[in-house]
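Single-letter residue listing:
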Amino acid sequence: MDTPFLRVEDSGEVVSLRGEVTTVGRGRGVDIRLDDPSVSRLHAELVRRGPYVYVVDLGLSRNGTRVNGRPIARRVLSEGDVLSFGAARCRIGGLPQEDLEEAELRRSAAPDLTRREVDVLTALCRPALSDEAFAMPATAHEIATDLVVTEAAVKQHLLRLYQKFRVPEGPNRRTRLANEVVALGLVRPMPLPQADAGTAGETLGVRVPEQPVPRRGEQAP
C-alpha cells in the first residue's frame with residue numbers, strides 16, 4: 001500500500017491514513033473505532049506530515065498510549081511500530097523505509113515528549129500559529145498563566161526541551177525552539193475555548209465601548 005495504514009491486531013482490519021488527522025477511540029464519531037473498554041471514546045490522533053506519521057495521546061484515558069511498549073505523549077512513528085491504545089494493539093505500515101543514519105537523524109530531531117512538555121510547547125507556539133503577523137513565542141510567564149502552573153516549573157520544562165531539541169544557549173532561545181518545533185510539525189493550531197457572551201470582549205482582547213451615563217431627567221438609551 002502506498003498510503004500509510006494501521007492494522008488492528010484483534011480484527012485484522014486495515015485502515016488507510018488518508019487524511020491529515022485520523023482519530024482513534026471507542027466513540028462512534030472517530031475514524032478508527034476500537035471496541036475495547038480500556039480505550040477512551042476519543043483516545044489518540046494519528047497525524048500525517050509529508051511522508052511521516054506521528055501519534056498523539058490526547059490524555060483523556062487513564063490507560064494511555066504506548067509505542068513498542070513505551071508510554072508516550074507524542075511520537076514520530078517508524079515502519080512496523082506497534083501501537084497500544086489501552087489494551088488494543090495496532091501496527092503501523094506503509095511508511096517510507098529509511099537507512100539507519102536517516103532514521104537516527106529523524107529520531108534525534110523529534111524526541112519523545114511527555115504530556116506536560118507537549119502542553120508547554122503548544123502554549124509556547126500558540127502566538128506563532130495565530131493569524132497575527134510577526135508574533136513572538138509566548139514568554140515563560142504567559143505559558144505559566146496559560147497552564148496554571150508556576151513560572152519556575154515552566155522554566156524547568158523549557159530547559160529540558162532546549163536539551164531535547166539541541167537548542168544551544170544564546171539570544172532568542174525560546175524563538176529558536178519554537179521555530180524548530182513548528183518546522184517539525186509537532187505543534188499545530190488549536191481552537192481557543194469559546195467565551196461566554198458576557199465576557200467575549202475581554203477574552204478576544206476587544207475593547208468594549210463604555211455606555212454614556214444618562215444625565216438626571218434623561219432616559220437611558
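Now for a look at the structure at hand. (Residues numbered from 1 in each chain as written. Predicted model: local features only at pLDDT ≥ 70, side-chain atom pairs only at ≥ 80, totals over all residues. Heavy atoms only, no water.)

Looking at the nonpolar core
Membership of the largest hydrophobic core comes to 27 residues, with the highest contact counts inside it found for Leu 121, Ile 143, Phe 165 and Leu 177. The set of elements that each furnish at least two residues to this core consists of strand 6 (52–57), helix 2 (115–125), helix 3 (140–147), helix 4 (151–164) and helix 5 (173–183). Listed in part, the 21 residues of the second largest apolar core include Val 24, Val 39, Ala 88 and Ile 92. (Core = buried A, V, L, I, M, F, W, Y, C linked by side-chain atoms within 4.5 Å. Buried < 20%, exposed > 50% of the residue type's maximum accessible area, 1.4 Å probe, protein only. Helix = DSSP H or I, 4+ residues; strand = E, 2+ residues; numbered from the N terminus.)

So, the sheet that holds strand 11 (residues 88–93)
If you walk across this open sheet you meet the six strands as 2-1-11-10-7-8, and the pairing is antiparallel. Where the open sheet ends on each side, the last strands, each with one partner, are strand 2 (14–16) and strand 8 (70–72). On average, adjacent strands in this sheet sit at an angle of 30° to one another, irrespective of strand direction. (Pairing = 2+ DSSP bridges. Axes fitted to C-alpha atoms, helices over the stretch in contact; angles between N-to-C directions.)

Brief notes about the sheet that holds strand 3 (residues 21–25)
With mixed pairing, five strands are arranged side by side in an open sheet as 4-3-5-6-9. The two strands at the open ends of the sheet, each matched to only one other strand, are strand 4 (32–33) and strand 9 (74–76). Of the strand pairs in this sheet, strand 5 (residues 44–49) and strand 6 are connected by six bridges, and their pairing is antiparallel. Following the sheet pairing, Leu 46 is matched in strand 6 by Val 55.

Considerations on the pattern of salt bridges
Inspection of the entire model under this criterion finds 10 salt bridges. For Arg 75, the salt bridge goes to Asp 112, with nearest N and O atoms at 3.4 Å. With Arg 75 in strand 9 and Asp 112 in the loop between helix 1 (100–109) and helix 2, this pair connects stretches of sequence that are 37 residues apart. Residue Asp 112 is classed as partly exposed on the basis of its relative accessible area of 23%. Counted as one network, the salt bridges with shared partners bring together Glu 9, Arg 89 and Arg 91. (Salt bridge = Lys/Arg side-chain N within 4 Å of Asp/Glu carboxyl O.)

Here we look at helix 4
The terminal C-alpha atoms of helix 4, which comprises 14 residues, lie 20 Å apart, in line with the 20 Å expected from a rise of 1.5 Å per residue. The first or second residue beyond helix 4 is Arg 166, which carries a positive phi of 55°. (Expected span 1.5 Å × (residues − 1).)

Thoughts on the side chain of Glu 117
Position of Glu 117 among the secondary structure elements: in helix 2. Judged by its relative accessible area of 3%, Glu 117 falls in the buried class. Every residue in contact with Glu 117, bar those within four places of it in the chain, is listed here: Asp 112, His 157, Arg 160, Leu 161 and Lys 164. (Contact = heavy atoms within 4.5 Å.)

Looking at helix 2
Because each turn of an α-helix spans 3.6 residues, side chains separated by three or four positions in sequence point in the same direction. Of all 11 residues in helix 2, eight are buried; the element is thus mostly enclosed. Burial in helix 2 covers these residues: Glu 117, Val 118, Val 120, Leu 121, Thr 122, Ala 123, Leu 124 and Cys 125.

Quick word on the side chain of Thr 22
With respect to the helices and strands, the residue Thr 22 is situated in strand 3. Beyond its immediate chain neighbours, meaning those up to four positions away, Thr 22 contacts Leu 17, Asp 31, Ile 32, Ala 44, Glu 45 and Leu 46.

Looking at the packing of helix 2 against helix 4
Where helix 2 meets helix 4, the axes come as close as 10 Å, and the angle between the chain directions of the two elements is 95°. The pairing of helix 2 with helix 4 is recorded here as roughly perpendicular in orientation. When helix 2 is examined against helix 4, the residues Arg 116, Glu 117, Val 120 and Leu 121 are found in contact with a partner set consisting of His 157, Leu 158, Arg 160, Leu 161 and Lys 164. Classifying every residue of the contact of helix 2 with helix 4 gives four nonpolar, one polar and four charged. (Parallel < 35°, antiparallel > 145°, perpendicular 65-115°, else oblique. Nonpolar A, V, L, I, M, F, W, Y, C, P; charged D, E, K, R; others polar.)

Looking at the environment of Leu 147
As for its placement among the helices and strands, Leu 147 is situated in helix 3. Accessibility expressed as a relative area gives 18% for Leu 147, which makes it buried. When neighbours within four sequence positions are excluded, Leu 147 is seen to be in contact with Arg 116, Asp 119 and Val 120.

Looking at unusual backbone geometry
With a phi angle near 55°, Asn 68 is a residue other than glycine that sits in the positive phi range. Its place among the elements puts Asn 68 in the loop between strand 7 (65–67) and strand 8. A positive phi angle, near 55°, is found at Arg 166, a position not held by glycine. Relative to the helices and strands, Arg 166 is located in the loop between helix 4 and helix 5. According to the relative accessible area criterion, Arg 166 is exposed, its value standing at 65%.

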